[in-house]
Amino acid sequence: MESLFDPHGNQKILDRIEQLTPIKLSEWGVMTVAQMMEHCQMPLKVVYGTKQIKVNWLMRFCFGRSAKKLFTGEKKFGKGLPTAKEFKVTYHPNFDEAKAGLKELVAKFSRDGRAGIMVTEHPLFGKMTYEEIDHAQWKHLDHHLRQFGV
């Protein structure tokens, strides 16, 4: 699997983000391209320690382990997965600001490496290794970039 820690893999994601335009339509789902880029920043902000989310302990106990396998395994995400309410973007962000913000957070992953990851205890998945965090972030970004055809 590709890695956001690896400069080459990181650049691949940055190149795909660069292909997005304000008029790019999604192949599935209801988000606009700007909403998607804003949404994709949120899981990165969680591991960087700049965004916190709360998960019901029952959800973590009942679904955390199976969800972790889905997010960190090799299989790509399918369409129509549920979104955490804290990650839903219901407003209309500025396209250029959302794009610049996402590119900066993605670049930080490679630039700062493991030292940039401040949170390894995921609110739903529990304790995660750096490799699991990397896989989950890559898969999430890849999923949404495929959603918009890049």
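Everything quoted here is computed from the prediction, not taken from an experiment.

1. Focus: helix α2 (residues 33-48)
Point 1. Taking 1.5 Å per residue, 16 residues should reach 22 Å; α2 reaches 23 Å between its end C-alpha atoms and fits that length.
Point 2. Buried residues dominate α2, accounting for 15 of its 16 residues.
Point 3. Of the residues flanking the end of α2, it is Gly49, one or two places downstream, whose phi is positive at about 80°.

2. Digging into the packing of helix α4 (residues 95-112) against helix α5 (residues 130-147)
Point 1. Relative to each other, α4 and α5 sit at 150°, their axes nearing to 12 Å. When the interaxial angle is binned, α4 and α5 end up roughly antiparallel. α5 is crossed by α4, and the crossing has left-handed handedness. Within the contact between the two elements, α4 uses Leu102, Val106 and Phe109 and α5 uses Ile133, Asp134, Gln137 and Leu141.

3. Regarding the side chain of Arg16
Point 1. As for its placement among the helices and strands, Arg16 is situated in helix α1 (residues 7-18).
Point 2. Setting aside residues up to four positions removed in sequence, Arg16 forms contacts with Asp142, Leu145, Arg146 and Val150.

4. Looking at the packing of aromatic side chains
Point 1. For the coordinates displayed, the defined rule picks out two aromatic pairs.
Point 2. Relative to Phe109, the ring of Phe5 has its centre 4.6 Å away and its plane inclined at 35°; by these criteria the two rings are tilted. Of the two residues, Phe5 sits in the segment before α1 while Phe109 sits in helix α4, which places them 104 residues apart along the sequence.
Point 3. On the basis of relative accessibility, which here comes to 17%, the residue Phe5 falls in the buried class.
Point 4. Ring geometry for Tyr48 against Phe109: centres 6.3 Å apart, planes inclined by 50°, an arrangement best described as tilted. Linking Tyr48 in helix α2 with Phe109 in helix α4, this pair joins segments that are 61 residues apart in sequence.
Point 5. Given a relative accessible area of 1%, Phe109 falls into the buried group.
Point 6. The rings of Phe5, Tyr48 and Phe109 are connected pair by pair, giving a single aromatic cluster.
Point 7. Stacked on the ring of Tyr48, the Lys or Arg Lys108 has its end atom at 4.9 Å from the ring centre.

Rules used in this analysis
Residues numbered from 1 in each chain as written. Predicted model: local features only at pLDDT ≥ 70, side-chain atom pairs only at ≥ 80, totals over all residues. Heavy atoms only, no water. Helix = DSSP H or I, 4+ residues; strand = E, 2+ residues; numbered from the N terminus. Expected span 1.5 Å × (residues − 1). Buried < 20%, exposed > 50% of the residue type's maximum accessible area, 1.4 Å probe, protein only. Axes fitted to C-alpha atoms, helices over the stretch in contact; angles between N-to-C directions. Parallel < 35°, antiparallel > 145°, perpendicular 65-115°, else oblique. Left-handed = near helix turned anticlockwise from the far one by under 90°. Contact = heavy atoms within 4.5 Å. Phe/Tyr/Trp six-rings, centres within 6.5 Å; stacked < 30°, edge-to-face > 60°. Lys NZ or Arg CZ within 6 Å of the ring centre and 35° of its normal.

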